[in-house]
Amino acid sequence: MEDLFSQIETARAAIAGRTSITPRVGMILGSGLGGLADEIENATVIPYAEIPGFPRSTVHGHRGELAIGQLAGQPVMVLRGRFHFYEGYSMQQVTFPVRVMKALGCETLIVTNAAGGLRADWAVGDLMQIADQIFFPGMAGHHPLVGPNDDRLGLRFPAMVDAFDTELAALAHTVAREQGTTLHAGCYFMLTGPTFESAGELRFCRTFADAVGMSTAPEVVVARHGGMRVLGISLITNIALPDGPPANHIEVLEAGEAAKPKFAALLKGILAGM
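All residue numbers refer to position in the chain's written sequence, counted from 1. Where local features are concerned, this predicted model is filtered to residues with pLDDT of at least 70; where side-chain atom pairs are given and counted, the filter is 80 or more; whole-chain, interface and lining totals use all residues. Heavy atoms from the whole structure form the basis of all side-chain values; hydrogens and water molecules are not counted.

### Things to note about the pattern of salt bridges
Criterion for a salt bridge: a side-chain nitrogen of Lys or Arg within 4 Å of a carboxyl oxygen of Asp or Glu. Counted by the stated rule, this structure contains 13 salt bridges. We note a salt bridge from Asp 210 to Arg 119, for which the minimum N-O separation is 3.2 Å. A residue pair is termed long-range when its members are at least 10 positions apart, and Asp 210 in the loop between helix H5 (199–208) and strand S8 (211–213) and Arg 119 in the loop between strand S5 (108–117) and strand S6 (127–135) qualify at 91 residues. Among the salt bridges present, the one from Asp 150 reaches Arg 152, with a minimum N-O distance of 2.8 Å. Exposure remark for Arg 152: the relative accessible area of 52% places this residue in the exposed category. Within this structure, Asp 3, Asp 150 and Arg 152 form a network of salt bridges that share partners. Going along the chain from the N terminus, every DSSP run of H or I of four or more residues is numbered as a helix, and every run of E of two or more is numbered as a strand. Accessibility here uses a 1.4 Å probe with only protein chains present; expressed as a share of the type maximum, an area under 20% marks a residue as buried, one over 50% as exposed, and anything in between as partly exposed.

This is the structure we're talking about:
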């Protein structure tokens, strides 16, 4: 069986053989947000099933393909849909595409998700720049860096205090102000899922964070392990309060659809300003 480094190289070669573009920015588009990839110019689109080592995306709202091309003047590699721990994949499988992005030349990762807002004064459709994260499954031992460390991929003990790049965050807030878009800054709390949170779990999360979801944190860890700069943006698709109505996935996708224009404008503005 190939080691992780060899698996990454096999996937890198398969993708590189189908495009002449060297991507500099990797983007992961979360639930209901994949439409931005339709705006990529001169795009090469590759289904995940055709990439060695890539799992299959099984969640409605996740297209299951990558696109490489130009977006807002930047050479990008965009994942339309991600993989989740709750789908039965290991944390290493969940984060494998980030490894491949780095191997293809991506120096920056822009990671997005749909999340429940934990603040009563926020509204559905607001955006949140992820300023920090709590990787709860990782704290419990479900961590993508568990096992032997390959120094070719990154340091054994990467620091996560500065996981999110401050210059990219400042750029995001500048673009949001110019566009008249609400962009909060807050802490993202990752739970495993796939159930939406109980009232008790929401009370727990609200003590420490501003938004909650089921993805993103392990991708950020692996990006930082590889030395990539990271910007994270959450779309608040529901307000998750202990005494509020229960969340549902259809609501998440509908919120993503409604917020698509301003979300796409923000990301393109950030890319143009990089």
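### Some remarks on the packing of aromatic side chains
Centre distance within 6.5 Å is the pairing criterion for rings of Phe, Tyr and Trp, where only the six-membered ring of Trp is used; planes under 30 degrees apart are then read as stacked, over 60 as edge-to-face, and the remainder as tilted. For the coordinates displayed, the defined rule picks out nine aromatic pairs. Relative to Tyr 89, the ring of Phe 83 has its centre 6.0 Å away and its plane inclined at 80°; by these criteria the two rings are edge-to-face. For the pair formed by Phe 83 and Tyr 89, the shared burial category is buried. When the centroid spacing of 5.4 Å and the interplanar angle of 50° are considered together, the rings of Phe 136 and Phe 189 count as tilted. Note that Phe 136 is positioned in helix H3 (residues 136–139) and Phe 189 in strand S7 (residues 183–190), a separation of 53 residues in sequence. Three or more aromatic residues link up through ring pairs in this structure, and these residues are Tyr 48, Phe 54, Phe 83, Tyr 89 and Phe 96. Ring-over charges, as used throughout, are those where CZ of Arg or NZ of Lys falls within 6 Å of the ring centre and within 35 degrees of the ring normal. Above the plane of the ring of Phe 5 lies Arg 152, whose end atom (NZ or CZ) is 3.9 Å from the centre. Note that Arg 156 overlies the ring of Phe 157, its terminal NZ or CZ placed 5.9 Å from the centroid.

### Points about helix H7 (residues 249–258)
Turning to H7, its buried residues are Val 252, Leu 253, Ala 255 and Gly 256. Angularly, the buried residues of H7 cover 160° about the axis, an arc narrow enough to put them on a single face. Summarising the geometry of H7, the exposed residues directed more than 90 degrees from the buried face are Glu 254 and Ala 258. Should any heavy atoms of two residues lie within 4.5 Å, those residues are considered in contact. Where the residues of H7 are buried, they touch S5, strand S9 (229–239) and helix H8 (260–273). Note that the arc is defined by the directions from the helix axis to the C-beta atoms.

### Thoughts on unusual backbone geometry
With an omega dihedral of 0°, the bond running from Gly 193 to Pro 194 counts as a cis peptide bond. Of note, Pro 194 is situated in the loop between S7 and H5. At Ala 72, a position not held by glycine, the phi torsion is positive, near 50°. For Ala 72, the location among the structural elements is in the loop between strand S3 (65–71) and strand S4 (74–80). Since its relative accessible area comes to 33%, Ala 72 is described here as partly exposed. Backbone geometry places Thr 216, a non-glycine residue, at a positive phi of 80°. Note on placement: Thr 216 falls in the loop between S8 and helix H6 (217–225).

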